[in-house]
Amino acid sequence: MPGKNLSREEAQQRAGILAVDSYRVRLDVTSAPDPAAATFRSTTTVAFRCSQPGAGTFLDLLAPAVRSVTLNGRTLDPATAYDGARVHIDGLAAENVLTVEADCAYSRTGQGLHRFVDPADGETYLYTHFEPADARRVFANFEQPDLKAAFSFTVAAPAAWDVRSNAVHENVTVEGDARTWEFAPTRPISTYLTAVVAGPYHVATDHYSRELADGTTLEIPLSALCRKSLAPYFDAEEILGVTKLGLDFFHEEFDYPYPFGKYDQAFVPEYNIGAMENPGCVTFKEEFVFRSKVTDAAYESRANVVLHEMAHMWFGDLVTPRWWDDLWLKESFADFMGSYGLIGAHTRYSSAWVTFANQRKAWAYEQDQFPTTHPITADIRDLEDAKLNFDGITYAKGASVLKQLVAYVGSDAFFEGARRYFKRHAFGNTELADLLGVLEETSGRDLKSWSAAWLQTAGVNALTPQVTTDAEGRITELAVLQDGDVLRPHRIAVGLYDRDADGALVRTERIELDVTGARTVVAEALGRPRPALVLLNDEDLTYCKIRFDADSLETLRGDLGGIRDELARALAWSAVWNLTRDGLMPARDYVALVLRFAGREGNIGVLQSLHAQARTAVDLYADPAWRAEGARQLADGALRELREAVPGSDHQLAWARFLAQTAGGAEHLGLVRGLLAGSARIDGLEVDQELRWALWLALAAAGQAGDEELAAELAADNTAGGQRQYAQCLAARPTPEAKAAAWSAVIDSDELPGALVRANAAGFSIPAQRDLTSLYAAPYFKLLEKVWTERSIETAVLIVGGFFPIAQTGEQTLAEADAWLDGHPQAAPALRRLVLEHRDDLARALRAQACDRA
Ligand SMILES: [Zn+2]
């Protein structure tokens, strides 16, 4: 569709002549419960000024039908004014009023106004998701972040429904079966931040108030929403508790009163992403409502997201990037604040920086080593670029670099800079220079070279210690070697570790210094006894890959689990995983470390990453000749640790899930079946609904789950979550028919919502079933362009990633990927980027396998 992919130049031109004052948006969703109703009525009236009277411009709108267009009282013919993506208007006055009346479509893909029917009770639920540019699926507008305006929503909905939007409702009128909600005008916000949530939602309420410096009291009504059928599982008190701690904390740090009135947090079905920071009306994926026991890592992750979205109320919503080049300005900041806030707000998640070091950074390292990596400040030409930029660089690397910036300028200067930034740019739009400007003011440091090195170049450095000692074992020199295409200034701490009286590895020295250039000598280490372990980037201040000297690596091989400090231990785990990914440590050695020390790992989040990484090591990085042996070792290890874990503990649950993921032999599968049937028991392990599905998946993948058994499990759990799990189990069965059905369900129809595309792809792509799925590699490459052009970009991304033949780790698949890339130089850049990244994963797997073979 021409005009659907708005370019940066077009946005700049439009912002150059327009200023938007207000939108009145009226939506009639009374038809939503009727499955036959495909559309809803949408009427937008926008008041805007034009600095070049007589000029023309366009609004964005993706709607099946436009009924009328009226500009300054003049009626335009929709047949000529509307081209399917844009409403073209010309002859603008200095002040304009435009009304567009359209029929917009209910969505099933998660973009626009998503409609979901709850299988548990037949109720219908709606919510919007617009970032980066899907408000145009719900109402006509100027869809770009720097044309902010006040929005007044009016929504007509079934009378029994609750309706929420960014602002509070001012008036509700009932007429027959319909109830009409009129919402107060918002402060100036961007189109992508507007929101409507509507349905018979369950609502929990609370209240936050705070004395402000000027003597007034800030009152913020709080609510948390989820589907009615999830209400029994909804721990709203915990969520609202974190919310109140966060509001306290961010008011202290930001010194700018929360600007959006009330604070609703809606947990919504079939959400494609974790959450979205709509001002006053945050949306979250409802998988954050836990139907079964989950580990504390899941609660921490949810609390982190609550604080991430809350930080956006200031950084992103109050002050908004001008265009998607500076998406990182808001995402890196919010990502950093998610972890920083968990500690600073005194939540119970005191290991937030461990999680950040171990998991968030792993995402950044991965993305930053693809050939497609980019500087944190990206070059975003258009909306397709923008959609792929919600990546590990924008979020995790950006947040890591902000953590380094805090170490570099000091946290006082950093937060004073943030305070000035909010006050100076409130309700406006900014670029990188605006942030650097305030930070230079508050820190007194020139940040241009820092920014050039960290924000405007791509790639990750590796830091390696080089230790020389004399005959007495004293350090004659400790140097830090820096590798990488661009060498950067790193503020780091170096930890020297030795065994204490109990034999634990503890830090005996901490040396903080600036590392610059290819080789930096750590002067303070001179003359000290050679420690058992030299840990660079201790405390995780900078963003880098850590390497070890040979003696330190020997120490880790023998005693990684003996590091007492959990952050230092997490850094060591992360470093040996990077060695494995880089083909510098055989996969089987990494697996041996996990099998030896994971049972002692106290941090539950780290343990769960170790489980995932150990599986990847066996599935992709191990010599194929050793794979079966490696898989058996993992399953045996899982069974052993499951039996030894503390009854009822998170660790026990994690090992039970790991057993389900690795079970292959008769003994393991027998236990799985016994746990499901109730004939086997592990003391303290409750086999609840989610664990049941995990166990069924193990049996399904092994070809030991009958159709009737799976159907019976679905009948007992006929919920949205149950349907996803059921679909994954069906796709996981090791038969040609099951693979064909999963492939067809996704490829031959565009009816599946993202959650079910994901479930089918996950079941289809089980690595151990590579013989069954190998014949889909060729059709996959043949279909790529068709999928990209015919499906929404969100669904296409899921398909391209979910079905890439990564498990076919052979030169032939690599050749097929290269042939596609060579043969499709004109394919959409965003599609080429994805294929390049998956191709790179494959090449990495082959390098790691070569290391493991040797
Ligand atoms: Zn965010």
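Residues numbered from 1 in each chain as written. Predicted model: local features only at pLDDT ≥ 70, side-chain atom pairs only at ≥ 80, totals over all residues. Heavy atoms only, no water.

Engineer: What is the right way to read the overall build of the protein chain from this model?
Structural biologist: Helix and strand counts for the protein chain come out as 28 helices and 28 strands. For the protein chain, whose C-alpha radius of gyration is 28 Å, the value lies close to the compact-globule estimate of 29 Å for 854 residues. On the principal axes, the C-alpha backbone points of the protein chain span a range of 90 × 70 × 60 Å. In the protein chain, buried positions account for 60% of the 854 residues. Across the protein chain, every contact between residues at least 6 apart in sequence was considered, and the portion connecting residues at least 24 apart equals 72%. Carbon and sulfur atoms make up 50% of the accessible area of the protein chain, which amounts to about 30600 Å² in all. Averaging the coordinates of the 83 positive side-chain charges in the protein chain and doing the same for the 119 negative ones gives two points 1 Å apart. (Helix = DSSP H or I, 4+ residues; strand = E, 2+ residues; numbered from the N terminus. Rg over C-alpha atoms; globule rule 2.2 N^0.38 Å. Buried < 20%, exposed > 50% of the residue type's maximum accessible area, 1.4 Å probe, protein only. Contact = heavy atoms within 4.5 Å. Areas by Shrake-Rupley, 256 points an atom, 1.4 Å probe, with all protein chains shown as cover. Lys, Arg positive; Asp, Glu negative; His and termini not counted. Charge placed at Lys NZ, Arg CZ, Asp CG, Glu CD.)

Engineer: Whenever I open this one, the coordination of the zinc ion confuses me. Can you help?
Structural biologist: Ideal geometry at a metal centre: 109.5 degrees between donors when four sit tetrahedrally, and 90 or 180 degrees when six sit octahedrally. The zinc ion binds to the protein through His 308 (NE2), His 312 (NE2) and Glu 331 (OE); the donor distances cover 2.0 to 2.1 Å. The motif formed by the donor residues of the zinc ion, counted along the single chain, is H-x3-H-x18-E. Of the two residues, His 312 is situated in helix 4 (residues 296-314) and Glu 331 in helix 5 (residues 327-344); the sequence distance between them amounts to 19 residues. Summarising the burial analysis for this pair, His 312 and Glu 331 share the class buried. (Donors = N, O, S within 2.8 Å, 3.2 Å for Na, K, Ca; no water.)

Engineer: Sorry if this is basic, but what is going on with the packing of aromatic side chains here?
Structural biologist: We describe a pair of aromatic rings using the distance from one ring centre to the other and the angle between the two ring planes. Using the criterion set out here, one finds 52 aromatic pairs in the structure. Where Trp 324 meets Phe 390, the ring centres are 6.4 Å apart and the plane angle is 50°; that geometry is what we call tilted. Separated by 66 residues along the polypeptide, Trp 324 in the loop between strand 20 (320-321) and helix 5 and Phe 390 in the loop between helix 7 (383-388) and helix 8 (393-409) bring together distant segments of the chain. Its relative accessible area of 3% is what places Trp 324 among the buried residues. With a relative accessible area of 24%, Phe 390 lands in the partly exposed category. Arg 348 extends its terminal NZ or CZ atom over the ring of Tyr 299, reaching a point 6.0 Å from the ring centre. (Phe/Tyr/Trp six-rings, centres within 6.5 Å; stacked < 30°, edge-to-face > 60°. Lys NZ or Arg CZ within 6 Å of the ring centre and 35° of its normal.)

Engineer: Looking at this structure, I do not really get unusual backbone geometry. What am I missing?
Structural biologist: With the exception of glycine, most residues fall at negative phi, and the peptide bonds are largely trans. Residues Glu 131 and Pro 132 are joined by a peptide bond in cis, for which omega reads 0°. Within the element layout of this structure, Pro 132 appears in the loop between strand 9 (124-129) and strand 10 (150-158). In this model, Asn 72 sits at a positive phi of 50°, which is unusual for a non-glycine residue. Along the chain, Asn 72 falls in the loop between strand 4 (65-71) and strand 5 (74-76). Take Asn 72: its relative accessible area is 37%, and that puts it in the partly exposed class. Positive phi, close to 65°, is recorded for Phe 427, a residue that is not glycine. Of note, Phe 427 is situated in the loop between helix 9 (411-425) and strand 21 (429-430).

Engineer: Explanation requested: the packing of helix 22 (residues 736-747) against helix 23 (residues 754-764) in the structure shown.
Structural biologist: Any two packed helices are characterised by how steeply their axes cross, that is the angle between the axes, and by the distance between the axes. Put simply, helix 22 and helix 23 touch, their axes get as near as 9 Å, and they point 150° apart. When the interaxial angle is binned, helix 22 and helix 23 end up roughly antiparallel. By crossing handedness, the relation of helix 22 to helix 23 is classed as left-handed. Every residue of helix 23 that contacts helix 22 at Lys 739, Ala 742, Trp 743, Ala 745 and Val 746 is listed here: Val 757, Asn 760, Gly 763 and Phe 764. (Axes fitted to C-alpha atoms, helices over the stretch in contact; angles between N-to-C directions. Parallel < 35°, antiparallel > 145°, perpendicular 65-115°, else oblique. Left-handed = near helix turned anticlockwise from the far one by under 90°.)

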